[in-house]
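# Tertiary structure, described
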Amino acid sequence: RNALQRTIEAWQTAQQLYMPTVAAHRSRDAALPDRSSLAEDLPLYLPSDVVDLLPVDQKLQEIEWELRVGIAHDALEDVRRFVCARRKLLEVKGRFISGQHHNTRARGVIKRCETKITQARSKYDACYDALTRLAPALDKTGWRREIGLQKLEDKDVRHISDPDPEEEDEQTEGTRTVSWIWTTKGARSGDDDEDEQEILMRERTAVLRIEWCQTRARAHRFTEEAQLLQEEMRRVLQYHDWQRNWWTERADAWEGRSAEHREGLVAYAHRQAHIRASMRALCQKAWASTAEWLLLGATLEED
C-alpha cells in the first residue's frame, strides 16, 4: 500500500504538468468528510473522469481513448477465455467427478474461474463507461459499431453454444442467437464485409479445433499411459517368476541344520514359492484381456 501511495504521488506530480486544473478539484474532493484515505481508493482523475467538469486537452482524451479501447478488448478476450474454461470445468465435473471431497475441490476451481470472469468483466465495464464519457467530447457518434464494443449484460456472458437465457424456451438449434462477444470485431479476423454466418462458422470451428487439440493431447497421454501399463505388468509377472525361482532355490540351500529344522525350512520355502506362483497366475488371469482393450483403443484413435 505504501508503494502504491508513492506511485500515486508521482502520478499526481506529473499530472499537474499536463492537467493543472485537476489540482484544485483534487484538493476540493480531499476535503470531503467521507473521502477515503486508502491508496487504492484515491481517484486518478483521468480525462474521462473530469471531461464533463474541467477543460481537458483533446490530445490527452485521444490517448486515453486508445488506451481504453485496447484494455476493453483485452478484458473481453479474458471473458471469452474464462467462459470457455468454466464450460469445460463444468463438463468435467458433471462427467467424471464424484464424491464429496472431489466435488468440493471442483466447485472451488469453478468458483475461482467465475471470480476471474467477474474481474475481467469489471475491467471491461470500467473501460466502457470511460469510453461512453469520452465519446461526446471527441465527437465519436458511431464508436460502438466501429470498435465492436457494447454494454456487457449478464445474458451476454455465456459460451458460444449456449442459448440466450431470456429466450431459451423459444429458441431451437436453427434459431439460437449467439452472444455478441463471439461475433464482435475483437473476437474475429477478416474483412468487415464478411458474411455473418461465415464469421460464426469460423468462430465455432475455432472452438472445435481447441476441443480437438485437447482431445488429441489426452489421447496421446492415454497411449503413453498404456505403454507404461504394459511394461509395468510385464515387470510384475517377471518379478513373481524371479521370486518363485529364488524361493525354490532356497529350499535346497539349507545346510548344517537338523533334519527336523531343515524340513520346516524347506516346507516354508516351497510355500513361499507357491504363493508367488499363485500371485503370478492371478495377475495373468486378471490381465488376460488387457492387450485386446489396448488394441481396441489404438484402433479407435487411428479412426
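Located above this text is the structure these notes cover.
A brief structural summary. Keep in mind that this is a model prediction, so the values were computed, not measured.

### As for the overall build of the protein chain
Secondary structure summary: the protein chain contains nine helices and zero strands in total. Taken over 303 residues, the protein chain has a buried fraction of 29%. In the protein chain, the proportion of contacts linking residues at least 24 apart, taken out of those at least 6 apart, comes to 65%. Carbon and sulfur atoms make up 53% of the accessible area of the protein chain, which amounts to about 21000 Å² in all.

### Description of the pattern of salt bridges
As enumerated under the stated definition, the model contains 14 salt bridges in all. Note that Glu77 and Arg80 form a salt bridge whose closest N and O atoms lie 2.7 Å from each other. Note that Glu77 and Arg80 are positioned in helix α4 (residues 58–96) at a spacing of three residues, about one turn of the helix. Of the residues examined, Glu77 reaches a relative accessible area of 37% and is grouped as partly exposed. Note that Glu224 and Arg221 form a salt bridge whose closest N and O atoms lie 3.3 Å from each other. Residue Glu224 and its partner Arg221 are both found in helix α7 (residues 196–251); the two are separated by three residues, about one turn of the helix. Linked by salt bridges that have partners in common, Arg87, Lys88 and Glu91 make up one network.

### Let's talk about helix α2 (residues 22–30)
Looking only at α2, the buried set comprises Val22, His25, Arg26 and Asp29. In an axial view of α2, the angular spread of the buried residues amounts to 100°, which keeps them on one side of the axis. On its buried face, α2 is in contact with α1 (2–18) and α3 (47–50).

### A word on unusual backbone geometry
For Tyr45, which is not glycine, the phi torsion reads 55° and is therefore positive. With respect to the secondary-structure elements, Tyr45 resides in the loop between α2 and α3. For Asp139, which is not a glycine, the phi torsion comes out positive at approximately 60°. Here Asp139 shows up in the loop between α5 (100–138) and α6 (143–147).

### Overview of the side chain of His240
Relative to the helices and strands, His240 is located in helix α7. The residues touching His240, leaving out its near neighbours within four places in the chain, are Arg276, Met279, Arg280 and Cys283.

### Overview of the packing of aromatic side chains
A full pass over the atoms with the stated rule returns seven aromatic pairs. Here Trp65 and Trp143 contribute two aromatic rings whose centre-to-centre distance is 5.7 Å and whose plane-to-plane angle is 80°, an arrangement assigned as edge-to-face. With Trp65 in helix α4 and Trp143 in helix α6, the pair connects residues that are 78 residues apart, well separated along the chain. This pair shows no difference in class: Trp65 is buried, exactly as Trp143 is. Centroid distance Tyr124 to Trp180: 6.3 Å. Interplanar angle 45°. Geometry classified as tilted. With Tyr124 in helix α5 and Trp180 in the loop between α6 and α7, this pair connects stretches of sequence that are 56 residues apart. The exposure class of Tyr124 is buried, given its relative accessible area of 0%. Chaining the aromatic ring pairs together yields one cluster made of Trp65, Tyr124, Tyr128, Trp143 and Trp180. Its guanidinium or amino end placed over the ring of Phe82, Arg81 lies 4.6 Å from that ring's centre, counting from NZ or CZ.

### Quick look at a nonpolar patch on the surface
A cluster of nonpolar side chains, Tyr239, Trp242 and Trp246, forms an exposed patch at the surface whose accessible area comes to about 360 Å². One can find Tyr239 in helix α7. For Tyr239, a relative accessible area of 46% corresponds to the partly exposed category.

Basis of the calculations
- Residues numbered from 1 in each chain as written.
- Predicted model: local features only at pLDDT ≥ 70, side-chain atom pairs only at ≥ 80, totals over all residues.
- Heavy atoms only, no water.
- Helix = DSSP H or I, 4+ residues; strand = E, 2+ residues; numbered from the N terminus.
- Buried < 20%, exposed > 50% of the residue type's maximum accessible area, 1.4 Å probe, protein only.
- Contact = heavy atoms within 4.5 Å.
- Areas by Shrake-Rupley, 256 points an atom, 1.4 Å probe, with all protein chains shown as cover.
- Salt bridge = Lys/Arg side-chain N within 4 Å of Asp/Glu carboxyl O.
- Arc of directions from axis to C-beta.
- Phe/Tyr/Trp six-rings, centres within 6.5 Å; stacked < 30°, edge-to-face > 60°.
- Lys NZ or Arg CZ within 6 Å of the ring centre and 35° of its normal.
- Patch = residues over 30% accessible without salt bridge, like charges linked within 9 Å, V, L, I, M, F, W, Y side chains within 5 Å.

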